[in-house]
Amino acid sequence: MLNKNRLLAPGPTPVPERVRLALAQDMIHHRKPEFKAIMAQVQQRLQKLFGTAQPVMPLACSGTGVMTAAVTNLFAAGEKVLVIEAGKFGERWSEICEASNVAVEKIILDWGQAVTADAVANMLDRHPDCKGVLIQLSETSTGVLHPVEDVAAVTKKRDVLLVVDGISAVSISPCAMDEWGIDCLLTGSQKGLMLPPGLGLIACSDKAWKKAESVTPSCFYFNLLAEKQKILQDQTLFTTPVSLIVGLNESLAMFEETGFDVVFKKQWALTMMARTAVTHMGLELLAKDHFTWGLTSVLVPENVNAGEVLAYAKDNFGVILAGGQAHMKGRLVRIGHMGWVDWADLAAGLHAFAEGCKACGGTIASGYLEKGLTAYHSTLNASE
């Protein structure tokens, strides 16, 4: 009882009590009127979340599953796409495409770097047979925020689909699907939406639906055209994860009551708090310019092992942070501050991280927490 456990990872994230209570309600049947009424309300709220007039389809799967659904429904074997690889999840786009016999051209960037719209345009000029651009809005492995709105300005002028992984961005930072010109937007339940893992969400533009009509899905389970017909009836194609949908309705109600503008402002303030505090610790941020909201990636001191810092923070403070992936393992700590996380949770996380660095041989400057909290309050109270 010395410390509360605080989950400050970039997914899964904490689940609010009222959502947990919704998840615990008695089971109802997914083909009956009681459930259909809930799904109808969920659908209206999801369209507001995605910023689209299109149906948003829930799929019983992880984020990787919904990425797979996008590839296998929008691109046929033998077609070519352009993938932005700037981290582990950009690489996952390529892996999914290659497993589906979709050819891949790549823009490969150093971890911590974001793509530019000009680079995408130049690559599409060189490879005019590309049928899609696959990109993360937020690259969770690095904390980079790609300029998706700028990239959309390029793709919407061409016969190319823009497919966006918004798994660690939707409900955390602005992502207006229709306004920006995104053709396929997807996310998962376990990050900003404050739910357990297991639910994917995906929406397609008219342009994407037209393309889907020419593709025979290479996966029996993921059939977006069939899912679309079912969601218009307030159902899903196969057995619905009923409890997750009920929990999602409660989570979306919380966003509705608070207002997305307020939620985004809070997420931005927490991001400023984390980045300011880490900078005043004397440490280096991985993403220098184009950085995501809700996640801060920090390089630990050269003589410090990030895995040992994570263990110290958990064992001594009850704080769960995440490490780096692939070649960044041991060098990077990812501090999550998305979803059901407030300034006090983040303050605890920053303190646990700093103490972990010190305990493992690193040097941390003092005064970082006061600087971080000042940045949080000034950002939150700033006029529009």
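Worth saying up front: this structure is predicted, and the values here are computed from it rather than measured.

(A) Geometry of the pattern of salt bridges. Using the criterion set out here, one finds 14 salt bridges in the structure. For Arg-18, the salt bridge identified is with Glu-250, shortest N-O distance 2.7 Å. Of the two residues, Arg-18 sits in helix H1 (residues 17-23) while Glu-250 sits in helix H10 (residues 242-258), which places them 232 residues apart along the sequence. Classification of Glu-250 as partly exposed rests on a relative accessible area of 23%. Of the charged contacts in the structure, one is a salt bridge between Glu-256 and Lys-48, with a shortest N-O distance of 3.7 Å. With Glu-256 in helix H10 and Lys-48 in helix H2 (residues 33-50), this residue pair connects regions lying 208 residues apart in the sequence. What makes Glu-256 partly exposed here is its relative accessible area of 41%. By relative accessible area, which is 57% here, Lys-48 ends up exposed.

(B) Examining the environment of Glu-213 more closely. Along the chain, Glu-213 falls in the loop between helix H8 (206-212) and helix H9 (224-231). With a relative accessible area of 59%, Glu-213 lands in the exposed category. For the pair Glu-213 and Leu-74, spaced 139 residues apart in the sequence, the C-alpha separation amounts to 8.5 Å.

Reading the values: the criteria
Residues numbered from 1 in each chain as written. Predicted model: local features only at pLDDT ≥ 70, side-chain atom pairs only at ≥ 80, totals over all residues. Heavy atoms only, no water. Salt bridge = Lys/Arg side-chain N within 4 Å of Asp/Glu carboxyl O. Helix = DSSP H or I, 4+ residues; strand = E, 2+ residues; numbered from the N terminus. Buried < 20%, exposed > 50% of the residue type's maximum accessible area, 1.4 Å probe, protein only.

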